[in-house]
Every structure is written in C-alpha cells, then in structure tokens.
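# Results of the structural survey
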Amino acid sequence: MDRATRTARIARIARIARTARAARVARVDEEAQQPAPPVTFTGRKTLVAAGVAVVLIAGALLIRPARQGDDARPPGPTERAASAVGMGAPAAAVDLTALVADREKWVAGHEKDDASWAVLGAAYLEQARRTTEPAWYPKAERALKRSLEIRPAEKGNFDAMTGMGTLANARGDFGTGKKWGELVRAQAPKRWAAYPVLVDAYTGLGDYKAAERSMERLLDLRPGLAAFIRASQVYRDRGWREDATMAMEHAGGAAKAPAEKAYVLFRLGELSWERGDAAEALRQYEGALRADPAQAQALGGRARALAGLGRGGEAVRDYRMALGRAQVPRLALELGELLDALGRADEAKVPYDMLRTAAARGAADGVNEAVVLGLFEADHGDPAAAVRRLTQEWSRHKSMEVADALAWALHKTGDDTAALEYAKKSTDRGMRSADFAFHRAMIERGLGDDAGARRYLQEALRTNPRFSPARVPQAKAALASIGQPPAGGPENMQPTRPWVAPDLPKAAKPKPAAKQEKAEKSEKAEKPEKADKAEKAQKAGKTEKPRSAGA
C-alpha cells in the first residue's frame, strides 16, 4: 500500500473520531439550548390542572407503590457492567461481580429468558479476560448455549452468537470464531458487533487482508472504542507503528470508564515496548495500574519494562505479583528467562513449572497455548516435541506468531532450511518485531548467510534494543562475531578485470556553418517553386475534364 493511501486512512480515522465527538457535544448543546415552551397560567386552569395531577398521582400509587429505584440516580454497578459488556468494552471488577451475581439470581427464577443468559455468558467472558482464569470459559459456554437452546440462531439470537464467536477467539479456536462471526454477518450485515469477532478471527487465522476489510467495515458502522482498538491491531500487524499508536490514542479518547482507559493505556504500553521505548512503556503501564489497580496484564507489562531498563530486582517482584493474581503462561516464561539471565537458574524452575501447570489447566478448559508451549519447549525442553505441536497448530492457524514459533523450533532441531521458509512468513509481511528478527537472524547464521544474519540482528536491536534479557546478549555477541562487511562492498560487485573502453562507431562530422546556411537557403527557395508547379498542374487538370465530357 502506497504512502498516499496510508495517509488517507489515517486522516479517515481522525475524521471519524472527530465526527463522533462533535456529534455527542452537539447533542448535549442542542438539549441544553432548546427553549422551554411558553406556559400561561389562569386561576381556573391552575385549579383544573392541580385536580388532575392529584387524581393521577393517587391512581399511580394505588397501582404501584413507589420504589427505591424511582429516583434519578446514576447507573449502578450492574447497569454499568451490562452496558460495558454489551459494547464489547472492559468492565470494572466490582461492577462485573455485581452483574454476574444479579444475572445468576435472575436466570435461576427465569430459565426461559434467552437475553439474560446471553448477558450472563458475556459477563463470564469478561471475567475470564480480566482474571485470565480459564475456568470461566466453560461457564460462559454453558450460558451461551442455554440462550441458543431457548432462541436458536435461526431466529436471530445475535447476542448469543456473537458471544460464542468471542469465546472461540478467546480460547484460540479462530476457525470456530470465524464461523460464528460470518453467521451473524450473513443474517445481519449491519450489526456492528459481528465485526470485532471477525477481525480477531481472521487475524488468528493469518488472513490479514480479510481482517483489514472487517476493520474498515467496523469503522463505518460503529466508530468507537472497539473499532479503534481493532484498527490499532491491524496497523500494528502491518508494521505501521505510528498509525497503530494514533488509532489507540483515539480509542483512549472514546474510553469513558476507568477500566476502559486502563485497558487502552496497557495497549499503548505494549506498543511503546515493541518499538523499544521502555521508559514510555513504563509510564503507560503505571497509568493503567493507577486507573485499574487489579489489572494483572499491566503489572506484567511493568515488570517487562523494568527488566528492559536494567531494574531486575523490581522486575522479578512485579512478575511474581502479577502471577500471584493470574497465572498467565507467557508471563511465567518471561519470569523464568529473566531469572536465568540474572544467574538464578534454580529459582527459574518455579515459574517454568507454573507455566506447565497453567497450560495444562487451560487445555482442560479448552484454551489453546500452543505458541507459548512451543517456544518454551524449543528453548527449555524438547525441540522435537515443539515442532510436532507447532506443526499441528500451523495446519489450523497460519498466523505470523505460529510461523515464527515453528521456525524457531525447527532451528533448534537443526533443520535451518525448513526453518527459513517459516521465518520468511513471519518477517516478510512487515510487522516490526525484535523477536521475529532475532529468530530469523540466527536461522540465517545457521545456514552460513552472514549478510542475512547481520541484517536481521541489526534490525532486532534497532527495533527494540531491550527486547529480551536472555536474547539481547546473544544478539550482540553474534553480531560482534560476524563483524562488518569488508570495505568496498560485496565480492560479487568487484570487477574481475581492469575496465577497458569499448570500441564505439565514430560519429559523423558536422557540416561547416557557411555550407549549412547555404543549403538551408536553397531549400527554402525550392519550396515556393514546387508549390507553384503543383498548383498549375492542378488547374490544368480541372480545365481538361469538361472537354472530354463534351466530346
């Protein structure tokens, strides 16, 4: 895609964000400035109105006594959480707990309420996202399937269908997520909630063009938090880091609740970390924790940034705190490798065991952790088992992450020729990843291509010079051992023999100036004479034709 098209897309997202904000402000201003209708009072009218009002109020009280919820108070925790999960936005932990308790109580006495079952399933999914606890997924599946039993997909139970697609994506089953998203889109093409599911599913399957088309459609239908987050994700996968950051900043403008702002700040921290700005990433992660202290992902991100800044002790502390809140396999792998890099190999066994346990528990609840397990086995276990696991995963999901992990596992088994083919699939698309570049560099080096290894080692350290406490020293050592190319350029660009001027045909000698002027004058004089002769011949031909006709 050329620069003009990218610039147009950036301007389009900014225009959509401005339009959405302007519409909200205009609506508020219009309601505030609308004049009240004139009211005139007379004695008789006042008495009649008062009597009617007394009768109506008395009747209303007899029909339904006043309740505590009749006063105009702001929405409570249940309403806030229901609104958030309905919009596909993060919800606060307290609000989410209240919503789950409320809907569980309600469906216990109203088993045929399909909408409440769908809301309960969505609340379970948000609990799983917040806590990264896979035990919530079976609960969500049961609630959503119960909703579909009451009101099947053929009758348009779109909330439950969308929830099933979101559940499949969260478990890493992107093929199933795609089927549910496409089913909703086929029945209701303008239902915006189907498109976040499709963006995530297509991305997991490696169909990045379809993900981009779904993201564009989502921006057209419903510009807002969910749309801007997906736009940032698509741009990040294309390697457009500035565009991804800008889209996520627009998502921050659309965020309202503290939980929403915290999630956006966490994602901004991830983008800052990937481009090598550890100090900025640390600020974003800390901002996320101030907005939502219970967010374990932001705590793990802060640990990653601290490790990159050389504050290893603080990083270990934060990693352990994050894993105490949520046993995320990727965070356990990062902590183990940090402890290895700090020379504390005995302590690293604990997070590695935690990784295995968490992955096994997730697998029992239907969660797919093939990529993390494959990378762990390749570096710290059985590379052959990693190749088998990741080959099976590649048959289902052809994403850049799976291609990179499979390439690294093949490299660890010594099959660099096959590894290079998968490494190309992860790096040639354009995504700026220091880990991807490092893996390809080591594969190129294993094949004896020092130039390719040098290029990707430099790219890895240029993209993020602190990308891993374990692999950055390896990258620097490998780059130092390869060295710089010899002066004068590559050997195949040097001539093998001295240059010899080729034999060229001699150019014609130019005419002298005087002769050239004389020839031009004679040519100009001949042109009028030729024109006169042609005109006379034409006239003579015209005069001869009538004679022949008369004869």
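Just above, that's the structure.
Residues numbered from 1 in each chain as written. Predicted model: local features only at pLDDT ≥ 70, side-chain atom pairs only at ≥ 80, totals over all residues. Heavy atoms only, no water.

### Observations concerning the overall build of the protein chain
- Broken down by element type, the protein chain carries 26 helices and zero strands.
- Looking at the protein chain as a whole, 43% of its 551 residues qualify as buried.
- Taking as baseline every contact in the protein chain between residues at least 6 positions apart, the subset at least 24 positions apart corresponds to 55%.
- Summed over all atoms, the accessible surface of the protein chain reaches about 30,600 Å², with 56% contributed by carbon and sulfur. (Helix = DSSP H or I, 4+ residues; strand = E, 2+ residues; numbered from the N terminus. Buried < 20%, exposed > 50% of the residue type's maximum accessible area, 1.4 Å probe, protein only. Contact = heavy atoms within 4.5 Å. Areas by Shrake-Rupley, 256 points an atom, 1.4 Å probe, with all protein chains shown as cover.)

### Digging into the packing of helix α8 (residues 174-187) against helix α9 (residues 194-205)
- Two elements in contact, α8 and α9, have axes separated by 8 Å at closest approach and are oriented at 145 degrees. Helix-helix and strand crossings are classified by hand; for α8 and α9 the assignment is left-handed. Touching Phe174, Gly175, Gly177, Lys178, Gly181, Glu182, Val184 and Arg185 of α8 are Ala194, Tyr195, Val197, Leu198, Asp200, Ala201, Tyr202, Gly204 and Leu205, all from α9.
- Taken together, the residues of the contact of α8 with α9 break down into nine nonpolar, four polar and four charged. (Axes fitted to C-alpha atoms, helices over the stretch in contact; angles between N-to-C directions. Left-handed = near helix turned anticlockwise from the far one by under 90°. Nonpolar A, V, L, I, M, F, W, Y, C, P; charged D, E, K, R; others polar.)

### Things to note about the packing of helix α21 (residues 400-412) against helix α22 (residues 416-427)
- Contact geometry for α21 and α22: axes closest at 8 Å, N-to-C directions at 160 degrees. Compared by their axis directions, α21 and α22 come out roughly antiparallel. Once α21 is placed against α22, the crossing between them reads as left-handed. Residues Met400, Ala403, Asp404, Leu406, Ala407, Leu410 and His411 of α21 touch α22, and the partners they reach there are Asp416, Ala418, Ala419, Tyr422, Ala423, Lys425 and Ser426. (Parallel < 35°, antiparallel > 145°, perpendicular 65-115°, else oblique.)

### Looking at α8
- End to end, α8 covers 20 Å across 14 residues, agreeing with the expected 20 Å (1.5 Å per residue, within 8%).
- Among the residues making up α8, those that are buried are Phe174, Gly177, Trp180, Gly181 and Val184. All buried residues of α8 project into a common sector of 125 degrees when viewed along the axis, lining one side. Those residues of α8 that are exposed and aimed more than 90 degrees away from the buried face are Lys179 and Ala186.
- On its buried face, α8 is in contact with α6 (136-150), α7 (158-171) and α9. (Expected span 1.5 Å × (residues − 1). Arc of directions from axis to C-beta.)

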